[in-house]
Amino acid sequence: MKKGGRNAAPAKQIDSEETAGESMSTRTIRNLFASGVALTLLLAAVSLRAASKNDPPKPTADECLACHSDATLSHEVNGKTVSLHVDPEAFKNSIHGSMFTCVDCHTDVKSAAHETPPQRISCATCHSDEQAAYDRSLHARAMKGGNTNAATCVDCHGSPHELLPASDPKSRVHHTNIPATCGTCHGQKFVMEKSGLSVQTVASYEQSVHGHAVANGSEKAAVCTDCHGTHEILDAKDSKSPIFKFNVPQTCGKCHEQISKEFQQSIHGQSIAKANWQAPVCTDCHGIHSIKAHGDANSPVSAQNVAQLTCARCHEGVRLSQEFGIEGRRATTYLASYHGLASRLGSQVVANCASCHGTHSIFPSTDPRSTIHPSNLARTCGQCHPGVTEKFTSAKVHVDAPLSADIGSKAVRWIRKAYLSLIFLVIGGMLAHNFIIWRAKAIARRKLEHRFVTRMPIRFRWQHAALLTSFIVLVLTGFALKFPDSWFASMLSLGERMRHLLHRVAAVVLIGVSFFHLFDIILTRQGRRLARDLFPTLDDAMGAWQNLTYYLGFSDRKPEFPRFNYAEKAEYWALVWGMFVMAGTGIMLWAKVFFGNHLPRWWLDVATAIHYYEAVLATLAIVVWHFYQVFLDPDIYPMNWAWLDGQMPLHTYEEEHGLDPNPVIEEPQDSEPDAVTEEEPEPTEAKHGD
């Protein structure tokens, strides 16, 4: 025990010495570290103090605005005066002013009194992602191509000193302000001309259902950026663009999600998924910028337009038939049905394409989901015709009488042929019957007359016949070009080559007979007398007044006229005027290359307008004015025979032209129809009513 106690004391002494050694080394290290830190801090403090003495503090926003709040502050850049004014209040309320000071962006500005202009600030410093997207856009490409009108950040967002967040209703990029912001460029013709774009898109959008909704304060209706994107706006032909044809359903689906899903399942949507360019997407039916509500009469999907305009663009012609075997003439056969006829008359409830086939979820008739699948037809038709059965719906709706091969169509085709033949025979027989009787009675009545006046010699009748024939041919062939779908165009059944030829032949005949008539009235005695008798005088105005007052019952004295009354003179000189106008403009259009090379091009447009409207005027004048004088006047029923045999009954002539002092009277028993007196004395001047 003692031995052990003696050994324990030295051990404790050794441990104590080792502990004291470790404490001394730790303290030494700690002292050295603390001294280093203190020295470092001291040096840093000295450096900062020295730096603060060498570099003045950066200017505050207030110091910058002390100068830049001056509205007249400016400098020149490339010869142009640029304002350096910054509105203090606007900057303070802007998103930049609320977060940063001037020098946070203008980092090269070291003092308020800077002598050199600050370097241009790039938005990409903070907004690198947005800048990268913009660099891929149409705007950036246009800018690189030299189009200085292309939009930049400032054009859309406004000045960086007045920039507001998109959530602020006053911001230029707030949802409701986007159309106006885009319109500042896209609504200006001089801006868009360089890019070859139209400004109509802005006006169309303003009149659309989207534009009206936004104008009324809607923050959900689509604006430009919803469809085109924001910074990375791409061409519609770019497959990455949201308005690329095959991307349109997804773009519209951002707002119209359920409709987009229905469309993508439909036959149209499946065709688009297969990259079929001929299949329609939303914009093909509804329009692009000018989208209107389906109840709007101007909408392409309104009840009146859906068949004639929208669906017919694809389903009327043979394009789909040739490519995919889909039947054509769908619009024609619909419009010929009761539904189509009632729709064209303005019915708002009659069935149209969408009523039967659906709108967005359209399927082929073989698909059980289709509204026109045989198992669904009773329900589809029953929407308008309650109580229908499958037997009622088994009939073919689009009946194409000349082509369809089903039993009903064959029956309709045979009935059509039978009735057309019956109509031709029955009505043709009636016309022949009535003409035979009318002709016999007219000749018999004509024979009751004993004395006649030669009203139109044979050569004038030939001129009249040539004039009448060529005029009718010109009217039919001319209006057939203007109205190719008219009944008379169908009746002529002429191709453009034959119509073109007939029109010009008739024109040559008309101009030729006009020249012949001109020589006739200059070189022959009868012609000169005709010109004298047709020359208008002041008495004609008095005669017109007296004639109207008599037939209105204001006067009991019937006026008398010379060889030609005011109506006949007016018609003759209107014909002369019309000949000059129609021949002149017609020759210009015939030789359009010659005249187009020597005159401004718009002269041909003016000639076309004059030629058309003069033709309308002349045709109506003949029908309303001349045909009354020849056929409809009760005093000369059934017609004025002078255009056929040149004669007029003496008693009728004396009643109508009592002031003619030298009528050429024909005696039936010993006179030829065209006999004239040997000596025609000069006519004396006659007054109406004398």
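The text that follows walks through the structure, step by step, so that each part is easy to find. Here the structure is a predicted model, which is why all the values come from computation and not from measurement.

Under the defined criterion, the tally for this structure stands at 16 aromatic pairs. Judged by centre distance (5.5 Å) and plane angle (85 degrees), the rings of tryptophan 487 and phenylalanine 488 are edge-to-face. In this structure phenylalanine 488 comes out as buried when scored by relative accessible area, which is 14%. Both rings, one in tyrosine 612 and one in tyrosine 613, keep their centres 4.8 Å apart while their planes meet at 65 degrees; by these two values the pair is edge-to-face. Of the residues examined, tyrosine 612 reaches a relative accessible area of 22% and is grouped as partly exposed. Taking the relative accessible area as the measure of exposure, tyrosine 613 reaches 57% and is therefore exposed.

Turning our attention to the nonpolar core. Among the nonpolar cores identified, the biggest contains seven residues, and these are Phe244, Phe246, Val248, Phe263, Ile272, Ala279 and Val281. What phenylalanine 263 contacts, discounting residues up to four positions off in sequence, is Pro249, His268, Gly269, Ile272, Pro280, Val281 and His360.

The next subject is unusual backbone geometry. You will see that alanine 275, though not glycine, has its phi angle at about 65 degrees, which is positive. Tracing the chain through its elements places alanine 275 in the loop between helix H15 (267-273) and helix H16 (282-286).

Residue placement: alanine 354 occurs in helix H21 (residues 353-357). Between the C-alpha atoms of alanine 354 and valine 301, which are 53 residues apart in sequence, the distance is 8.9 Å.

Here the focus is helix H28 (residues 525-534). Every α-helix carries 3.6 residues per turn, so stepping three or four residues along brings you back to the same face. Within the span of H28, buried status applies to Gln526, Gly527, Arg529, Leu530, Asp533 and Leu534. End-on, the buried residues of H28 take up no more than an arc of 160 degrees, which puts them together on one face. Buried residues along H28 sit in contact with helix H25 (458-482), helix H27 (496-523) and helix H30 (566-590). A distance of 3.0 Å separates the backbone nitrogen of glycine 527 from a side-chain oxygen at the start of H28, and that oxygen is part of threonine 524.

Bringing the environment of threonine 230 into the picture now. Within the secondary structure, threonine 230 is located in the loop between helix H12 (224-228) and helix H13 (248-253). Looking at threonine 230, the relative accessible area reads 56%, which means it is exposed. Each C-alpha atom of the pair threonine 230 and glutamate 130 lies 9.1 Å from the other, and the pair is 100 residues apart in sequence. Within polar-contact distance, the side chain of threonine 230 engages the side chain of histidine 231 at 3.5 Å.

A word on the pattern of salt bridges. According to the stated counting rule, one finds 15 salt bridges in the structure shown. Ionic pairing is found between glutamate 257 and lysine 261, a salt bridge with its closest N-O pair at 3.5 Å. One end of the pair is glutamate 257 and the other is lysine 261, both in helix H14 (residues 257-265) and four residues apart, which spans about a single turn. Look at lysine 261 and you get partly exposed, because its relative accessible area is 43%. Among the salt bridges present, the one from arginine 563 reaches aspartate 533, with a minimum N-O distance of 2.9 Å. You can see arginine 563 sitting in the loop between helix H29 (538-551) and H30 and its partner aspartate 533 sitting in helix H28, a full 30 residues away along the chain. One network of salt bridges, in which partners are shared, links Arg529, Asp533, Arg563 and Asp660.

As a further point, take the pairing of strand S2 (residues 80-83). With four bridges joining them, strand S1 (residues 74-77) and S2 adopt antiparallel strand pairing. Across the sheet, glutamate 76 pairs through a bridge with threonine 81, a residue of S2. Between S1 and S2, which follow one another and run antiparallel, lie two residues, and asparagine 78 among them has a positive phi close to 55 degrees.

Cut-offs and rules
Residues numbered from 1 in each chain as written. Predicted model: local features only at pLDDT ≥ 70, side-chain atom pairs only at ≥ 80, totals over all residues. Heavy atoms only, no water. Phe/Tyr/Trp six-rings, centres within 6.5 Å; stacked < 30°, edge-to-face > 60°. Buried < 20%, exposed > 50% of the residue type's maximum accessible area, 1.4 Å probe, protein only. Core = buried A, V, L, I, M, F, W, Y, C linked by side-chain atoms within 4.5 Å. Contact = heavy atoms within 4.5 Å. Helix = DSSP H or I, 4+ residues; strand = E, 2+ residues; numbered from the N terminus. Arc of directions from axis to C-beta. Polar contact = N/O pair within 3.5 Å; in protein donor to acceptor, adjacent residues only side chain to side chain. Salt bridge = Lys/Arg side-chain N within 4 Å of Asp/Glu carboxyl O. Pairing = 2+ DSSP bridges.

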